[in-house]
Amino acid sequence: MDKYESRPRDRIAEQIECYIIEHNLKPGDALPSERQLCEAWQCNRMTFRAAAKRLISAGILASTPLVNYYIPEPRLVRNLQDLGSFTEWVNSLGKTLKNRCLSQAVLSASPRMTERLGLTKGSEVLQIVRVRLIDAEPISVDTSIIPLERFPGIENEDFENLSIYGLYKEKYGVELGSGTEDISLTFADEWEAVQLEIPEGSACYFLNGVTYNAQNVPIELFKSVTRTEKIKFISELRKEES
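Residues numbered from 1 in each chain as written. Predicted model: local features only at pLDDT ≥ 70, side-chain atom pairs only at ≥ 80, totals over all residues. Heavy atoms only, no water.

## Points about helix H1 (residues 8-22)
Working step 1: Relative to the 21 Å expected for 15 residues at 1.5 Å per residue, H1 spans 21 Å between its end C-alpha atoms, a close match to the ideal helical length.
Working step 2: When H1 is considered as a whole, its buried residues turn out to be Ile-12, Ala-13, Ile-16, Tyr-19 and Ile-20. The buried side chains of H1 occupy one side of the element, clustering within an arc of 120° when seen end-on. Summarising the geometry of H1, the exposed residues directed more than 90 degrees from the buried face are Glu-14, Ile-21 and Glu-22.
Working step 3: Looking at the buried positions of H1, the neighbouring elements they touch are helix H2 (34-41) and helix H3 (45-57).
Working step 4: Once H1 ends, the next one or two residues include Asn-24, with phi positive near 50°. (Helix = DSSP H or I, 4+ residues; strand = E, 2+ residues; numbered from the N terminus. Expected span 1.5 Å × (residues − 1). Buried < 20%, exposed > 50% of the residue type's maximum accessible area, 1.4 Å probe, protein only. Arc of directions from axis to C-beta. Contact = heavy atoms within 4.5 Å.)

Now the structure itself:
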């Protein structure tokens, strides 16, 4: 059987990670120039850039036009089992959350929305599209679809300054019960890239799902395009009791 050899991109990515560890680089520290590392590791710039792009997506490297490559701050960690609001999570980290509302409109529910939210044909929903900024840096573009018949008057609220889940509880007395969530990878299109201040085509998480109240009634559809180099999602694995 032939010996397996890693691809040049993977080999260079591993060498970059080893360099960071061996030189004890900290957030804010820069790597040597691309030219220097390509010469030291005998690779071409295309291979080096492919390796660096992978590490940037993983939050291990970052780059700017002024500084080739440097070590970023560690990614924020969010547990996929956490049903709390985004606002509560950011506050728990001691960071500042701001919302930039891109659109807020009442729409007729599409057949897909009607099915997933358990609505009747012709029902109306509120669609909110926001950029979420943590410490003034854009992290995600989030879309929420809320059934108006379950939250009358919610379309008049200002969601640049409000938590949706906080409003559910404080104004409508609705407690969160459960939710379903799918997570996959996507690549930022031109519009998303502008909102998130990242290059077009950058790898992002794509999350979408449904939130239910304590009575198992669906109260929100959501989707989010989130920067992979800023947030890491984890899931706790537990052995089921027999």
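## Observations concerning the packing of aromatic side chains
Working step 1: In total, this model carries eight aromatic pairs according to the counting rule given.
Working step 2: Their ring planes at 90° and their centres at 5.2 Å tell us that Phe-151 and Tyr-172 sit as a pair that is edge-to-face. Of this pair, Phe-151 sits in the loop between strand E4 (137-147) and helix H6 (164-172) while Tyr-172 sits in helix H6; the two residues are 21 residues apart in sequence, bridging distant segments of the chain.
Working step 3: Classification of Phe-151 by relative accessible area gives buried; the value is 1%.
Working step 4: Centroid distance Tyr-205 to Phe-233: 5.1 Å. Interplanar angle 80°. Geometry classified as edge-to-face. On the criterion of sequence distance, the pair formed by Tyr-205 in strand E6 (residues 203-213) and Phe-233 in strand E8 (residues 231-234) is long-range, its members being 28 residues apart. (Phe/Tyr/Trp six-rings, centres within 6.5 Å; stacked < 30°, edge-to-face > 60°.)

## Concerning the pattern of salt bridges
Working step 1: By the definition in use, this model includes 12 salt bridges.
Working step 2: With its nearest N and O atoms 3.2 Å apart, the salt bridge here joins Asp-142 to Arg-132. Taken together, the residues Asp-142 in strand E4 and Arg-132 in strand E3 (residues 124-134) connect sequence positions 10 residues apart. Side by side, Asp-142 and Arg-132 carry an identical accessibility label, which is buried.
Working step 3: With a shortest N-O distance of 3.2 Å, Lys-230 and Glu-137 are connected by a salt bridge. Remark: Glu-137 occurs in strand E4 and Lys-230 occurs in the loop between strand E7 (218-227) and E8; sequence separation between them is 93 residues. (Salt bridge = Lys/Arg side-chain N within 4 Å of Asp/Glu carboxyl O.)

## Some points on the side chain of Ser-202
Working step 1: The residue Ser-202 is located in the loop between helix H7 (190-196) and E6 in this model.
Working step 2: Polar contacts involving the side chain of Ser-202 include one to the main-chain carbonyl oxygen of Pro-199, which spans 2.7 Å. (Polar contact = N/O pair within 3.5 Å; in protein donor to acceptor, adjacent residues only side chain to side chain.)

## What to know about the nonpolar core
Working step 1: Ranked by size, the top nonpolar core spans 18 residues in total, and within it Ile-12, Ile-16, Ile-20, Leu-31, Trp-41, Phe-48 and Leu-61 carry the most contacts.
Working step 2: Residue contributions to this core peak at five residues, all from H1.
Working step 3: Look past the residues within four positions of Leu-61 in its chain and what remains in contact with it is Ile-16, Ile-20, Leu-31, Ala-52, Leu-55, Ile-56, Tyr-69, Tyr-70, Ile-71 and Pro-72. (Core = buried A, V, L, I, M, F, W, Y, C linked by side-chain atoms within 4.5 Å.)

## With respect to the environment of Ser-178
Working step 1: Relative to the helices and strands, Ser-178 resides in strand E5 (residues 176-187).
Working step 2: On a C-alpha basis, the gap between Ser-178 and Lys-95 in space is 26 Å, while along the polypeptide they are 83 residues apart.
Working step 3: Apart from residues lying up to four places away in sequence, Ser-178 is in contact with Leu-83, Val-210, Thr-211, Tyr-212, Asn-213 and Asn-216.

## Here's the deal with H6
Working step 1: Residues of H6 that are buried include every one of Ile-164, Tyr-165, Leu-167, Tyr-168 and Tyr-172, and no others. With its buried residues spanning 160° around the axis, H6 presents them on a single face. Projecting away from the buried face of H6 at angles above 90 degrees are the exposed residues Lys-169 and Glu-170.
Working step 2: The inward-facing, buried residues of H6 contact E3, E4, E5, E6 and E7.

## Some remarks on the layout of surface pockets
Working step 1: The volume enclosed by the largest pocket comes to roughly 830 Å³.
Working step 2: In terms of lining, the largest pocket is formed by 33 residues, of which the most central are Ile-56, Ala-62, Arg-227, Glu-229 and Lys-230.
Working step 3: Listing elements by their share of the lining of the largest pocket, those giving two or more residues are H3 and E4.
Working step 4: With five residues, the top contributor of residues to the lining of the largest pocket is H3.
Working step 5: Broken down by class, the residue content of the lining of the largest pocket amounts to 15 nonpolar, six polar and 12 charged.
Working step 6: Size it by volume and the second largest pocket reaches roughly 640 Å³. (1 Å grid on protein atoms, 1.4 Å probe; cavity = no way out; pocket = protein on both sides within 12 Å on 5 of 7 lines; lining within 4 Å. Points joined across faces, edges and corners; volume = space filled by probe spheres on them. Nonpolar A, V, L, I, M, F, W, Y, C, P; charged D, E, K, R; others polar.)

## Things to note about unusual backbone geometry
Working step 1: A positive phi is found at Gln-42, a non-glycine position, where the angle reads about 55°.
Working step 2: As for its position among the elements, Gln-42 is in the loop between H2 and H3.
Working step 3: Of the residues examined, Gln-42 reaches a relative accessible area of 72% and is grouped as exposed.
Working step 4: A positive phi angle, close to 60°, is found at Glu-197, a residue other than glycine.

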